[in-house]
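Observations on chain architecture
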Amino acid sequence: MYFTPKMHNVNLCDMAFPSRINPETLGSDSLAVVESLGWSNWSLREIAKTLRVSPNALYRYVEDREGLVVSIGAAAAQELHAAMRASRYRGRRRLLDYGRRYVTFAVSRPHAFAAFVHAKPSPADPRSESWTRVWSDVLGEVHRLLPRSSAAAAFAFWSLIHGRAELALGPASLAEPTAGLDAAIEALLLGFAQLGDVQSPLPTQIPT
């Protein structure tokens with residue numbers, strides 16, 4: 001007598017490709033799909049298809065679609081951070097370079113930048129660590145130059161470069177993305193240096 005083993009609802013696609021998903025690179029692998037399709041056009045099904053697994057197989061590694069979105073955003077944040085940290089400058093010139101690299105990343109990789117901006121969880125969420133590293137690095141560089149107003153100056157610096165990136169992706173898309181950015185950052189830093197102590201405008205959830 002022969003018995004047919006019970007399959008317990010195992011998806012055949014999962015069985016055929018049991019190791020297609022690497023948990024450590026799922027975010028970056030998914031980000032690559034997002035960048036090929038566009039931030040507004042990707043789907044969980046398309047990512048599963050590219051990774052050659054069933055959509056259900058992805059749920060072994062992320063709790064839901066929102067979890068995958070955060071993983072994609074975290075991968076984008078890590079790549080942006082790596083691009084900024086690649087700067088070889090120090091001091092004031094390093095911040096100028098950070099600004100250029102931030103805007104350049106946004107323009108050259110708009111879908112990754114969209115993931116960085118739109119996929120971030122709340123600051124209290126432990127999954128926001130990848131974004132926090134970018135902020136902490138900027139804050140640390142600003143603090144070396146402006147210790148009396150580092151939180152306020154870092155906030156203003158971030159607002160400036162992010163605003164310039166958004167302009168470069170929209171109303172100013174035909175202009176040189178970083179034109180005038182160095183001068184604007186220099187003026188911002190000089191202004192804070194002259195003001196001295198400036199109270200932080202940041203909410204308590206943001207590390208200072």
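Residues numbered from 1 in each chain as written. Predicted model: local features only at pLDDT ≥ 70, side-chain atom pairs only at ≥ 80, totals over all residues. Heavy atoms only, no water.

Glancing now at the layout of surface pockets. Picture a little ball the size of a water molecule; that probe, rolled over the atoms, points out where space is still empty. Counted as a void, the largest pocket has a volume near 440 Å³. Along its surface, the largest pocket is lined by 18 residues, and Lys 120, Trp 131, Trp 135, Trp 158 and Ile 206 are the ones closest to its centre. Those elements that place two or more of their residues in the lining of the largest pocket are helix H7 (110–118), helix H8 (129–145) and helix H9 (150–169). Residues belonging to the lining of the largest pocket are distributed by class as follows: 12 nonpolar, 5 polar and 1 charged. Volume-wise, the second largest pocket comes out at about 160 Å³. Lining of the second largest pocket is provided by Pro 23, Glu 24, Thr 25, Leu 26, Gly 27, Ser 28, Tyr 61, Val 62, Ser 71, Ala 75 and Gln 78. (1 Å grid on protein atoms, 1.4 Å probe; cavity = no way out; pocket = protein on both sides within 12 Å on 5 of 7 lines; lining within 4 Å. Points joined across faces, edges and corners; volume = space filled by probe spheres on them. Helix = DSSP H or I, 4+ residues; strand = E, 2+ residues; numbered from the N terminus. Nonpolar A, V, L, I, M, F, W, Y, C, P; charged D, E, K, R; others polar.)

Our focus in this paragraph is the nonpolar core. Counting 61 residues, the largest nonpolar core has Trp 39, Leu 58, Leu 68, Ile 72, Tyr 102 and Phe 116 as its most contacted members. Every residue in contact with Ile 72, bar those within four places of it in the chain, is listed here: Gly 27, Ser 30, Leu 31, Val 34, Trp 39, Trp 42, Ile 47 and Ala 115. (Core = buried A, V, L, I, M, F, W, Y, C linked by side-chain atoms within 4.5 Å. Buried < 20%, exposed > 50% of the residue type's maximum accessible area, 1.4 Å probe, protein only. Contact = heavy atoms within 4.5 Å.)

Moving on, we get to the environment of Asn 22. Considering the arrangement of structural elements, one finds Asn 22 in the loop between helix H1 (12–16) and helix H2 (26–37). Relative accessible area serves as the criterion here: at 35%, Asn 22 is assigned to the partly exposed category. A distance of 3.0 Å separates the side chain of Asn 22 from the backbone nitrogen of Glu 24, its partner in a polar contact. (Polar contact = N/O pair within 3.5 Å; in protein donor to acceptor, adjacent residues only side chain to side chain.)

It is worth spelling out the packing of H9 against helix H10 (residues 181–195) at this point. It is at 10 Å that the axes of H9 and H10 come closest, and there the two elements cross at 165°. Put simply, H9 runs roughly antiparallel to H10. Read as a crossing pair, H9 and H10 show a hand that is right-handed. Facing H9, whose interface residues are Ala 152, Ala 153, Ala 156, Phe 157, Leu 160, Ile 161 and Arg 164, H10 presents Leu 181, Ala 184, Ile 185, Leu 188 and Phe 192. Residue composition of the contact of H9 with H10, by class: 11 nonpolar, no polar and 1 charged. (Axes fitted to C-alpha atoms, helices over the stretch in contact; angles between N-to-C directions. Parallel < 35°, antiparallel > 145°, perpendicular 65-115°, else oblique. Left-handed = near helix turned anticlockwise from the far one by under 90°.)

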